[in-house]
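# Coordinate inspection notes
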Amino acid sequence: MPDAARDQLADARLYLCTDARRRQGDLAEFLDTVLAAGVDIVQLRDKGIEAAEELELLKILSDACARHGRLAAVNDRADVAHAAGAGVLHLGQGDLPVPAARAILGDGILIGRSTHAVPEAAAAAVQPGVDYFCTGPCWPTPTKPGRTAPGLDLVRATAALGTDRPWFAIGGIDLGNLDEVLAAGARRVVVVRAITEAADPGAAAAEFAERLRATV
Ligand SMILES: Cc1ncc(COP(=O)(O)OP(=O)(O)O)c(N)n1
Ligand SMILES: Cc1ncsc1CCOP(=O)(O)O
Ligand SMILES: [Mg+2]
């Protein structure tokens, strides 16, 4: 992975996952708005999408991220990440194991991992081949139905690991509870609804970015 992408990841504070409901022209306009407002990484996350459509939408996503010098991420699928030439692949606990993804993709891509408990976070903090990890959900969320929320205790425990590896809090985070997430020790967050469903996504992204960057 080029050093520039690693540096971008190290500097990232705000990671957005968006789905395919915002299609074609509308998707590009939405992405330009939130990227200009300060989103650092955007992932296409659509659990129902077929690979061919995912690739088409990833082209829009990659082009938008390139226009703004930001990272584009693929969820779950190493084959799609390879075909799309993506900069980031995100893998959950039930997805392809990281060594298997590395065997397919090599070292030219950043790989992230989901964690939902302290032992998983501790493992992701040191596992070879993992570039960043996410921890949560902080609160139960309809975006990930059925996933029990370990809450802010997991964020506090992850912060206490003192790892240099970039990690993000996720799940139910919005502008109203962001201060609680920061107080628990997170300095990076992943959001879905708080930006995709905001009345003004650009304003929401800008406020997230500003408050995250203001917290040392
Ligand atoms: C950045 C980021 N963090 C966490 C997830 C969740 O991944 P996973 O647990 O595999 O669940 P799905 O998103 O695949 O339903 C993510 N996608 N992105
Ligand atoms: C994909 C995922 N994994 C854990 S929580 C979550 C969804 C977070 O979505 P939202 O920000 O809308 O609560
Ligand atoms: Mg997954």
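Residues numbered from 1 in each chain as written. Chains lettered and ligands numbered in written order. Predicted model: local features only at pLDDT ≥ 70, side-chain atom pairs only at ≥ 80, totals over all residues.

If you look the protein chain up in an unreviewed UniProt entry, it shows as Thiamine-phosphate synthase from Streptomyces doudnae. According to the UniProt record, the Sequence similarities (unreviewed entry) comment for the protein chain reads "Belongs to the thiamine-phosphate synthase family." What UniProt records for the protein chain under Pathway (unreviewed entry) is the sentence "Cofactor biosynthesis; thiamine diphosphate biosynthesis; thiamine phosphate from 4-amino-2-methyl-5-diphosphomethylpyrimidine and 4-methyl-5-(2-phosphoethyl)-thiazole: step 1/1." (UniProt positions renumbered as here; feature names shortened; annotations may be inferred.)

### Notes on the overall build of the protein chain
Assigned secondary structure in the protein chain consists of ten helices and eight strands. A compact globule built from 216 residues would reach a C-alpha radius of gyration of about 17 Å, and the protein chain, at 16 Å, matches this within 12%. Along the three orthogonal principal directions, the C-alpha set of the protein chain runs to about 40 × 40 × 35 Å. Split into buried and exposed, the 216 residues of the protein chain put 41% on the buried side. Contacts in the protein chain between residues far apart in sequence, at least 24 positions, make up 60% of those at least 6 positions apart. (Helix = DSSP H or I, 4+ residues; strand = E, 2+ residues; numbered from the N terminus. Rg over C-alpha atoms; globule rule 2.2 N^0.38 Å. Buried ≥ 20, exposed ≤ 12 C-beta atoms within 10 Å, placed from the backbone. Contact = placed C-beta atoms within 7 Å.)

### Quick notes on the site of ligand 1
Lining the immediate environment of ligand 1, one finds 16 residues, of which His 90, Gly 92, Ser 114, Cys 134 and Val 190 sit closest. The set of elements that each furnish at least two residues to the shell around ligand 1 consists of β1 (14-18) and β5 (110-115). Split into classes, the residues belonging to the shell around ligand 1 amount to five nonpolar, six polar and five charged. (Near = placed C-beta within 6 Å. Nonpolar A, V, L, I, M, F, W, Y, C, P; charged D, E, K, R; others polar.)

### Digging into the site of ligand 2
Close to ligand 2 lie 14 residues; Thr 141, Thr 143, Gly 171, Val 192 and Arg 193 are nearest. Along the lines of polarity and charge, the residues of the shell around ligand 2 split into six nonpolar, five polar and three charged.

### Examining the UniProt feature "binding site: Mg(2+)" (unreviewed entry) in the protein chain
As annotated by UniProt and renumbered to match this structure, "binding site: Mg(2+)" (unreviewed entry) occupies Asp 76 and Asp 95. These annotated residues cover 20 residues of sequence, and their C-alpha atoms lie no more than 6.1 Å from one another, placing them together at a single site. As for its position among the elements, Asp 76 is in the loop between β3 (71-75) and α4 (78-84). Following the sequence through the fold, Asp 95 ends up in the loop between β4 (88-91) and α5 (98-105).

### A short note on the nonpolar core
Counting residues in hydrophobic clusters, the biggest one holds 62 residues, and the most contacted among them are Leu 61, Ala 86, Val 88, Leu 89 and Val 189. Here this core takes six residues from helix α3 (residues 51-68), the largest share from any one element. (Core = buried A, V, L, I, M, F, W, Y, C linked by C-beta atoms within 7 Å.)

### Side note on the sheet that holds β5
What the eight strands build is a closed barrel, ordered β1-β2-β3-β4-β5-β6-β7-β8; its pairing is parallel. The sheet shows a mean angle of 25° between the axes of neighbouring strands, direction not considered. Bridging between β1 and strand β8 (residues 189-191) involves three bridges; their strand directions are parallel. Its bridge partner being in β8, Leu 14 is matched across the sheet by Val 189. (Pairing = 2+ DSSP bridges. Axes fitted to C-alpha atoms, helices over the stretch in contact; angles between N-to-C directions.)

### Here we look at the environment of Ala 209
Relative to the elements of secondary structure, Ala 209 occurs in helix α10 (residues 201-214). Distance from Ala 209 to Asp 95, taken between C-alpha atoms, is 29 Å for residues 114 residues apart in sequence. Excluding residues within four positions of it along the chain, Ala 209 makes contact with Arg 13, Leu 14, Ala 37 and Gly 38.

### Brief notes about the pairing of strand β6 (residues 132-135)
Of the two faces of β6, the one carrying Tyr 132 and Cys 134 and the one carrying Phe 133 and Thr 135 are both buried. As judged from the four bridges shared by β5 and β6, these two strands associate in the parallel manner. Along β6, the bridge assignment pairs Arg 113 with Phe 133. Chirality of the crossover, the property in question, places the unit of β5, helix α6 (residues 118-124) and β6 among those that are right-handed. When β6 meets strand β7 (residues 167-170), the two strands line up parallel, connected through three bridges. Across the sheet, Phe 133 pairs through a bridge with Trp 167, a residue of β7. A crossover links β6 with its parallel partner β7, the connecting element being helix α7 (residues 152-161), and its sense is right-handed. (Right-handed = clockwise from strand over helix to strand, strands pointing away.)

### Remarks on the confidence of the model for the protein chain
Detailed conclusions should not be drawn from predicted coordinates in areas where pLDDT is low. Model confidence for the protein chain is summarised by a mean pLDDT of 95, while 97% of its residues fall at 70 or above. For this predicted complex, the interface confidence score (ipTM) comes to 0.99, while the overall pTM stands at 0.97. (pLDDT = per-residue confidence, 0-100.)

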